[in-house]
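Commentary on secondary and tertiary structure
Residues per chain are reported as follows:
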Amino acid sequence: IKLFLPKADPKDVEANVSTDREQGKGEAKVVLIVEPDNKLRNTAVKVLRKQGYKVMEARNAADALDRLDGMQRLDLLIANVDLQDGMNGQELAQEVCRQRTRTRLLFISGDPQKGAPGEGLPAADVERLASPYSAEVLVRRVHEILNRPSDGAAT
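Right, let's walk through the structure included here. (Residues numbered from 1 in each chain as written. Predicted model: local features only at pLDDT ≥ 70, side-chain atom pairs only at ≥ 80, totals over all residues. Heavy atoms only, no water.)

**Quick notes on the pattern of salt bridges**
Within the structure shown, the criterion is met by eight salt bridges. Residues Asp75 and Arg73 are paired through a salt bridge, measuring 2.7 Å at the closest nitrogen-oxygen approach. In this pair, the class of Asp75 matches that of Arg73, namely buried. Note that Arg148 and Glu127 form a salt bridge whose closest N and O atoms lie 2.8 Å from each other. Taken together, the residues Arg148 in the segment after helix H5 (135-146) and Glu127 in strand S5 (residues 126-130) connect sequence positions 21 residues apart. Taking the relative accessible area as the measure of exposure, Arg148 reaches 25% and is therefore partly exposed. The exposure class of Glu127 is partly exposed, given its relative accessible area of 22%. (Salt bridge = Lys/Arg side-chain N within 4 Å of Asp/Glu carboxyl O. Buried < 20%, exposed > 50% of the residue type's maximum accessible area, 1.4 Å probe, protein only. Helix = DSSP H or I, 4+ residues; strand = E, 2+ residues; numbered from the N terminus.)

Encoded structure:
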């Protein structure tokens, strides 16, 4: 079988691929992924790094909070709602929002009812992504969330 496709113009390809660098600063947006499943976490990290994001990872809430202490900035927290080991995804998000008030949130859950903004979470900055999801959907959602207008840079 032979498949013939038209040659792509590199300018068109580059126009459709975003690395989400901040304008003027050239600094990658910082994402923290908290996912207990090693395979899912590793795949998400790999996909987002390929898109130019600076990605940190954690397998549970305690690990995420330890990593947060050493981070100068955090633009987006992606957390599985069903974290265990003492703190679920929403409780983690509440703590992250307490420390980093402008961090945006993306909850991942296999149950569409889970991940709704809870007490102490800014409803406008909380998004949900149903699992399972494709790499393309993850990239698109992260891009949409991080490129939504805000009142300032995340801290």
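**Details of the sheet that holds strand S1 (residues 30-34)**
Pairing is parallel in the open sheet, where five strands are placed in the order S2-S1-S3-S4-S5. Edge positions in the sheet fall to strand S2 (54-58) and S5, since each has one partner strand and no second. Within the sheet, the average angular offset between the axes of one strand and its neighbour, ignoring direction, is 20°. Note that S1 and strand S3 (residues 76-80) share four bridges and pair parallel. Its bridge partner being in S3, Ile33 is matched across the sheet by Ile78. (Pairing = 2+ DSSP bridges. Axes fitted to C-alpha atoms, helices over the stretch in contact; angles between N-to-C directions.)

These values are about where atoms sit, not about what they do.
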